[in-house]
Amino acid sequence: MEHVLDNPAWNALISGNSNLSFGNEEVKYFDREVSPFAAFKESSAENFQTLYELIPEGQILLFIAPVEMEIPSPWKVLNCIKGIQMICDIKVEHNEPSLKLIPLTEEHIPQMLALTKLTNPGPFASRTIDFGHYHGIFDGDKLAAMAGQRMHVFNYAEISAVCTHPDYLGRGHAKQLLIHQINRIKAASEIPFLHVRYDNDRAIKVYKSLGFSTRREIYFYVIQKAK
């Protein structure tokens, strides 16, 4: 039986992120300024064609697959990123962060975009903040680190955009933000999960130290509607 996290984008678009969903009963996607993810109820050539007809020429999307696969033409495959999906489904106690965490709002979007452009934690656009629950650590007026939530798959909540400005590495900022997100999600009786590149050993080590374990490998296809 397929687990809801085997097709996380689709199941987010029909549950916790349905307010951000576009498409139809078989094919769904987010607004490009929120997230590039698109997903299908069932992966098929017909649904890839439907998606192709729904979006503008030249648009780049992300498609998640639980296994390696062939993306049908006329889509152009720009990249395939191998990742690991991790969940924190055990009872683990974390003290509340000692640093001051500031809720991020519209006024912080320019700094959030600049930080994600610098650190590249994954796709982040002008309305990604609409996923909610973004918090940051500031040094004066400067955003030093941040983390938030992305896909909300029924009772699973994805921690995302965990990033630290290079000038503030090694101070435990990311860990503090992760603990805050874990505690927040579990307080809502939900289960934290996240995605990380398979070769990001440093991040994987941190996630494991906080109670995350590997659930499965997963593949992110960067695809484009060719002009």
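## Remarks on the sheet that holds strand 7 (residues 135-139)
Here comes step 1: The strand order 1-2-3-4-11-5-10-9-8-7-6 describes an open sheet built from 11 strands, whose pairing is mixed. Each edge of the open sheet is held by one strand with a lone partner, namely strand 1 (21-23) and strand 6 (102-103).
Here comes step 2: With 5 bridges joining them, strand 5 (residues 75-87) and strand 10 (residues 191-197) adopt antiparallel strand pairing. Its bridge partner lying in strand 10, Met 86 is registered against Leu 194.

## Brief notes about a negative patch on the surface
Here comes step 1: Residues Glu 2, Glu 25, Glu 26 and Glu 42 make up a contiguous surface patch of negative charge.
Here comes step 2: Looking at the secondary structure, you find Glu 26 in the loop between strand 1 and strand 2 (27-30).

## Overview of the environment of Leu 104
Here comes step 1: Relative to the helices and strands, Leu 104 is located in the loop between strand 6 and helix 3 (109-119).
Here comes step 2: Taking the C-alpha atoms as reference points, Leu 104 and His 133, separated by 29 residues in sequence, lie 7.9 Å from one another.
Here comes step 3: Setting aside anything within four residues of it in sequence, one finds Leu 104 in contact with Met 112, Ile 129, Tyr 134, His 135, Gly 136, Phe 138, Leu 143 and Met 146.

## A closer look at the packing of aromatic side chains
Each aromatic ring pair is described using two quantities: the centre-to-centre distance and the angle formed by the ring planes.
Here comes step 1: A complete count under the given rule lists 10 aromatic pairs for this structure.
Here comes step 2: Centroid distance Phe 22 to Tyr 29: 6.1 Å. Interplanar angle 20°. Geometry classified as stacked.
Here comes step 3: For Phe 22, a relative accessible area of 43% translates into the label partly exposed.
Here comes step 4: A relative accessible area of 16% means that Tyr 29 is categorised as buried.
Here comes step 5: Ring centres of Tyr 156 and Phe 193 lie 6.5 Å apart, and the angle between their planes is 80°; on these two criteria the pair is classed as edge-to-face. Remark: Phe 193 occurs in strand 10 and Tyr 156 occurs in strand 9 (residues 156-164); sequence separation between them is 37 residues.
Here comes step 6: For Tyr 156, a relative accessible area of 12% translates into the label buried.
Here comes step 7: Under the relative-accessibility criterion, Phe 193 is labelled buried at 0%.
Here comes step 8: The ring of Tyr 198 carries Lys 82 above its face, with NZ or CZ at 5.0 Å from the centroid.
Here comes step 9: Geometry around Tyr 52 places Lys 225 over its ring, the cationic atom sitting 4.9 Å from the centre.

Reading guide: rules and limits
Residues numbered from 1 in each chain as written. Predicted model: local features only at pLDDT ≥ 70, side-chain atom pairs only at ≥ 80, totals over all residues. Heavy atoms only, no water. Pairing = 2+ DSSP bridges. Helix = DSSP H or I, 4+ residues; strand = E, 2+ residues; numbered from the N terminus. Patch = residues over 30% accessible without salt bridge, like charges linked within 9 Å, V, L, I, M, F, W, Y side chains within 5 Å. Areas by Shrake-Rupley, 256 points an atom, 1.4 Å probe, with all protein chains shown as cover. Salt bridge = Lys/Arg side-chain N within 4 Å of Asp/Glu carboxyl O. Lys, Arg positive; Asp, Glu negative; His and termini not counted. Charge placed at Lys NZ, Arg CZ, Asp CG, Glu CD. Contact = heavy atoms within 4.5 Å. Phe/Tyr/Trp six-rings, centres within 6.5 Å; stacked < 30°, edge-to-face > 60°. Buried < 20%, exposed > 50% of the residue type's maximum accessible area, 1.4 Å probe, protein only. Lys NZ or Arg CZ within 6 Å of the ring centre and 35° of its normal.

Just distances and angles here, no functional claims.
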